[in-house]
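Each chain, written out:
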Amino acid sequence: MTTSAFRDAHPLSWAFHANTARFAHNAEPPPEDVWPDPAREAPELPLTPLPTGPVLTMTLDELLHSRCSCRQFTAGTLPLAALASVLQAAYGVARQEAYGRLDFTTRTVPSGGALYPLELTLICRQVEGLASGVYHYLPGLHALECVKAVVVPAAFLTYLFMGQSQLTQAPVLGVLSAAFGRTMKKYGDRGYRYILLEAGHVMQNLNLACTSLGLGSCNIGGFFDDELAGLLGLPVAQEAVLYAVAIGMPAATGRQQQRDL
Ligand SMILES: Cc1cc2nc3c(=O)[nH]c(=O)nc-3n(C[C@H](O)[C@H](O)[C@H](O)COP(=O)(O)O)c2cc1C
């Protein structure tokens, strides 16, 4: 597709892309307020510390060649330790680093400006030791805060995920959301690109961790943003959903099913 064909077929995308093509953030003086915004935490919510999960032992070569989308899951309970490993690999803290008098934590993914704009929320339907409900992952504490204990009706989940009923059978549905201001405070509208790119890093880590642990996962782009954000209780003035994933134990026939969307 030529530039003009892209512009004519998708004027909205083209306008965004073209208008964020020459943002010279590294050549401009930094904004006055240079302090990164913190990750979202709600100390009043009940907290479940996560165990140290199993180590991922497959080689990168093996993982890259065996990863695939899984769309059928067996009934059963997902072990909490396995979920802990998946979350740690996806967006957990990798290490602490001293920078002058400050301590920085880095994550398992690269992040534009090390600002980590993403949040990971789970709809847990059947996880060992967790009541059904909505949980928010806190990477710094490696813990889950319970946003609400609720059994979400399967029919409502299927509606939220645009009729993809096989995916909503999974014991866990993960949702990545973005707190846009964290990155866009520094990078302006071009930061929007960085946030989407980072979401891809997180999901790839999550997919590979699932593969290594014998779990199935399927990334999901098809959902109703506003309704899903409402179910998760996101602070919608600052944050919006970007990407979702079904996680569970793969049925024998579950891998490489024809995609629904
Ligand atoms: C951004 C994105 C959105 C996707 N959304 C869906 C989805 O809504 N439903 C689905 O069944 N698969 C979805 N997939 C999975 C793709 O269909 C799948 O990756 C593709 O068919 C290639 O198959 P593989 O992952 O097994 O290699 C999505 C993948 C990506 C990267």
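Residues numbered from 1 in each chain as written. Predicted model: local features only at pLDDT ≥ 70, side-chain atom pairs only at ≥ 80, totals over all residues.

### Some details on the overall build of the chain
Move 1: Looking only at helices and strands, the chain has 8 helices and 9 strands in total.
Move 2: The C-alpha radius of gyration of the chain comes to 19 Å, within 12% of the 18 Å expected for a compact globule of 261 residues.
Move 3: Each principal axis of the C-alpha distribution contributes one length, and for the chain these read about 55 × 50 × 40 Å.
Move 4: Relative to its full complement of 261 residues, the chain shows a buried share of 37%.
Move 5: In the chain, 77% of the contacts between residues at least 6 apart in sequence involve partners at least 24 apart. (Helix = DSSP H or I, 4+ residues; strand = E, 2+ residues; numbered from the N terminus. Rg over C-alpha atoms; globule rule 2.2 N^0.38 Å. Buried ≥ 20, exposed ≤ 12 C-beta atoms within 10 Å, placed from the backbone. Contact = placed C-beta atoms within 7 Å.)

### Digging into helix H7 (residues 191–212)
Each α-helix winds once per 3.6 residues, and so residues spaced three or four apart point in a common direction.
Move 1: Across its 22 residues, H7 extends 32 Å between first and last C-alpha, which sits within 8% of the 32 Å expected from 1.5 Å per residue.
Move 2: Trailing H7 by a residue or two, Gly214 shows a phi angle of about 75 degrees, which is positive. (Expected span 1.5 Å × (residues − 1).)

### What about the sheet that holds strand E9 (residues 239–248)?
The strands making up a sheet are joined through hydrogen bonds of the backbone, oriented either antiparallel or parallel.
Move 1: If you trace the 7 strands from one edge of the open sheet to the other, you get E1-E6-E5-E4-E7-E9-E8, paired in antiparallel fashion. Two strands close off the open sheet at either side, each with one partner strand: strand E1 (47–49) and strand E8 (216–220). Averaged over all pairs of adjacent strands, the angle between their axes in this sheet comes to 30 degrees, without regard to strand direction.
Move 2: Pairing of strand E5 (residues 133–138) with strand E6 (residues 143–149), which is carried by 6 bridges, proceeds in the antiparallel orientation. Bridging across to E6, Tyr137 finds its partner in Leu144. (Pairing = 2+ DSSP bridges. Axes fitted to C-alpha atoms, helices over the stretch in contact; angles between N-to-C directions.)

### Looking at the pairing of strand E4 (residues 118–124)
Move 1: Most of E4 is tucked away, with 7 of its 7 residues classed as buried.
Move 2: On E4, burial covers both faces: Leu118, Leu120, Leu122 and Cys124 on one face and Glu119, Thr121 and Ile123 on the other are all buried.
Move 3: Strand direction decides the pairing type here: E4 and strand E7 (residues 172–179), joined by 7 bridges, are antiparallel. Residue pairing for E7: Leu122 is matched across the bridge by Gly174.

### Observations concerning the packing of helix H6 (residues 180–187) against H7
Move 1: Their axes nearest at 8 Å, the elements H6 and H7 cross at an angle of 135 degrees. Relative to H7, H6 is oriented oblique. The handedness of the crossing between H6 and H7 comes out as right-handed. Between H6 and H7, the residues in contact are Phe180, Thr183, Met184, Lys186 and Tyr187 and Gly191, Tyr192, Tyr194 and Ile195, respectively.
Move 2: Looking at the contact of H6 with H7, its residues break down into 6 nonpolar, 2 polar and 1 charged. (Parallel < 35°, antiparallel > 145°, perpendicular 65-115°, else oblique. Left-handed = near helix turned anticlockwise from the far one by under 90°. Nonpolar A, V, L, I, M, F, W, Y, C, P; charged D, E, K, R; others polar.)

### Points about the nonpolar core
Move 1: If you look at the biggest cluster of nonpolar residues, it comprises 63 residues, and the most contacted ones within it are Val86, Ala90, Val172, Val202 and Leu206.
Move 2: Setting aside chain neighbours within four positions, we find Val172 in contact with Leu78, Leu83, Leu122, Cys124, Arg125, Val127, Ile247 and Gly248. (Core = buried A, V, L, I, M, F, W, Y, C linked by C-beta atoms within 7 Å.)

### Thoughts on the packing of helix H4 (residues 80–91) against H7
Move 1: Taken N-terminus to C-terminus, the directions of H4 and H7 make an angle of 150 degrees; their axes are 7 Å apart at the nearest point. Judged on the interaxial angle alone, H7 and H4 are roughly antiparallel. Crossing of H4 over H7 shows right-handed handedness. Packed against H4, whose contacting residues are Ser85, Val86, Ala89, Ala90 and Tyr91, the element H7 presents Val202, Asn205, Leu206, Ala209 and Cys210 at the interface.

### Points about the environment of Thr121
Move 1: Mapping Thr121 onto the fold places it in strand E4.
Move 2: Residue classification places Thr121 among the buried residues on the basis of 26 C-beta atoms within 10 Å.

### Notes on the confidence of the model for the chain
Move 1: Of all residues in the chain, 93% attain a pLDDT of 70 or more, and the chain-wide mean is 92.
Move 2: Considering only residues more than four positions removed or in separate chains, one finds that residues 257–261, a stretch of pLDDT under 50, has 5 contacts. (pLDDT = per-residue confidence, 0-100.)

### A few points about unusual backbone geometry
Move 1: At Ala114, a position not held by glycine, the phi torsion is positive, near 50 degrees.
Move 2: Here Ala114 shows up in the loop between strand E3 (102–107) and E4.
Move 3: One non-glycine residue, Met162, adopts positive backbone phi at about 55 degrees.
Move 4: Looking at the element boundaries, Met162 is found in the loop between helix H5 (154–160) and E7.
Move 5: Overall, the presence of 14 C-beta atoms within 10 Å leaves Met162 in the partly exposed class.

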